[in-house]
Amino acid sequence: MTGAFLAGSRFLSALEDAGLEEVARGGLHLQFDKGAVIFREGEQAEGLHVLVAGRAKVYKTSPRGRAQTLLFARAGEPLGEVAALLGGRYPATAVALEPVKTVYLPRSSFLAAVRKNPEAAVRLLAVLAQRLRALTELVADLALRDVSERVASYILSQGTDSPSDNAITLSLSKKELATALGTVPETLSRSLAQLERAGAIESRGRVIYVRDRAFLAQLAGK
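With that settled, the discussion passes to the environment of Leu 85. Structurally, Leu 85 is set in helix H3 (residues 81-86). The class for Leu 85 is partly exposed, based on a relative accessible area of 24%. Between the C-alpha atom of Leu 85 and that of Arg 107, which follows or precedes it by 22 residues, the distance is 7.0 Å. Leaving out residues up to four positions away in the same chain, Leu 85 has contacts with Arg 107, Phe 110, Leu 111, Leu 124 and Leu 128.

Below you can see the structure in the form of structure tokens.
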């Protein structure tokens, strides 16, 4: 089961069957409850996790306690891969957003499998490049856009539940979304209220109805 999952994971899909079996034998099946810490910033990275089920987020915390979400991960995606490759410490904290299952891959067995398949190293670079691009866009958003612009951009990036009414169900709580957008829940609520007063959206709890997509696109600079 582990080998089959790893073969379907974008992160490890290039490994040969023998390599997959080796990684699977060296992996540990772990479970985390919602809110549990998968790894903590500053801990020594002796390996990496591949999500089998559930969602997780990776975030950094400032000395004053303010958090900034760096990425959200879903099944098939790795967590802590950079630190594991470098053999250093985790630069951020990963926490389960819901009950999570992972396969924990010790650094030694993972590197051994990658060395057997050069194509896997190329795929690994592609995954890391995508993560780097996402972080670059995040830095640009935080530095160059105000909160309303970030909120508009986020809404536009979400697929609609029903094209007929442009309904979007937020997968994150307002607290989680605020952290992802580099703000606090109170400011996020004010931004949503401003967009609603402008006629761009209609908000009903976690469901947002897009009423003026052109206005959101202009505000987001898209």
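Alright, that's what it looks like, and here's the rest.
Looking at the element boundaries, Gln 68 is found in strand S5 (residues 67-73). As for Gln 68 and Leu 181, which are separated by 113 residues in sequence, their C-alpha atoms are 7.9 Å apart. Engagement of the side chain of Gln 68 in a polar contact is seen with the backbone oxygen of Ala 180, the distance being 3.4 Å.

Taken as a whole and judged by the stated rule, the model has 6 salt bridges. Taking the shortest distance from any N to any O, the salt bridge between Lys 60 and Glu 41 comes out at 2.9 Å. Here Lys 60 is found in strand S4 (residues 56-61), whereas its partner Glu 41 is found in the loop between strand S2 (37-39) and strand S3 (47-53), with 19 residues between them in sequence. The class for Lys 60 is partly exposed, based on a relative accessible area of 34%. Sharing partners across several salt bridges, the network here consists of Glu 77, Glu 81 and Arg 131.

Here the focus is the layout of surface pockets. Of the volumes computed, that of the largest pocket is approximately 960 Å³. Around the largest pocket sit 28 residues that line it, and Leu 70, Leu 71, Phe 72, Ala 134 and Tyr 154 are the ones nearest its centre. Elements that contribute at least two residues to the lining of the largest pocket include exactly S5, helix H5 (118-144) and helix H6 (147-157). Sorting elements by how many residues they give to the lining of the largest pocket places H5 first, with 10 residues. Grouping the amino acids of the lining of the largest pocket by side-chain chemistry returns 12 nonpolar, 6 polar and 10 charged. The volume enclosed by the second largest pocket comes to roughly 360 Å³. Leu 71, Glu 81, Val 82, Arg 131 and Leu 135 are the residues nearest the centre of the second largest pocket, which is lined by 17 residues in total. Only S5, H3 and H5 provide two or more residues apiece to the lining of the second largest pocket. Per element, the largest residue contribution to the lining of the second largest pocket is 5 residues, and it comes from H5. Here the lining of the second largest pocket is built from residues that sort into 14 nonpolar, 1 polar and 2 charged.

Pairing is antiparallel across the open sheet formed by 3 strands, whose spatial order is S9-S11-S10. Unpaired on one side and paired on the other, strand S9 (167-169) and strand S10 (201-204) mark the two borders of the sheet. On average, each strand axis in the sheet is inclined to that of its neighbour by 20°, with strand direction left out of account. Relative to strand S11 (residues 207-210), S9 runs antiparallel, the two being bridged by 3 bridges. Note that in S11 the partner of Ala 167 across the bridge is Tyr 209.

Conventions used here
- Residues numbered from 1 in each chain as written.
- Predicted model: local features only at pLDDT ≥ 70, side-chain atom pairs only at ≥ 80, totals over all residues.
- Heavy atoms only, no water.
- Helix = DSSP H or I, 4+ residues; strand = E, 2+ residues; numbered from the N terminus.
- Buried < 20%, exposed > 50% of the residue type's maximum accessible area, 1.4 Å probe, protein only.
- Contact = heavy atoms within 4.5 Å.
- Polar contact = N/O pair within 3.5 Å; in protein donor to acceptor, adjacent residues only side chain to side chain.
- Salt bridge = Lys/Arg side-chain N within 4 Å of Asp/Glu carboxyl O.
- 1 Å grid on protein atoms, 1.4 Å probe; cavity = no way out; pocket = protein on both sides within 12 Å on 5 of 7 lines; lining within 4 Å.
- Points joined across faces, edges and corners; volume = space filled by probe spheres on them.
- Nonpolar A, V, L, I, M, F, W, Y, C, P; charged D, E, K, R; others polar.
- Pairing = 2+ DSSP bridges.
- Axes fitted to C-alpha atoms, helices over the stretch in contact; angles between N-to-C directions.

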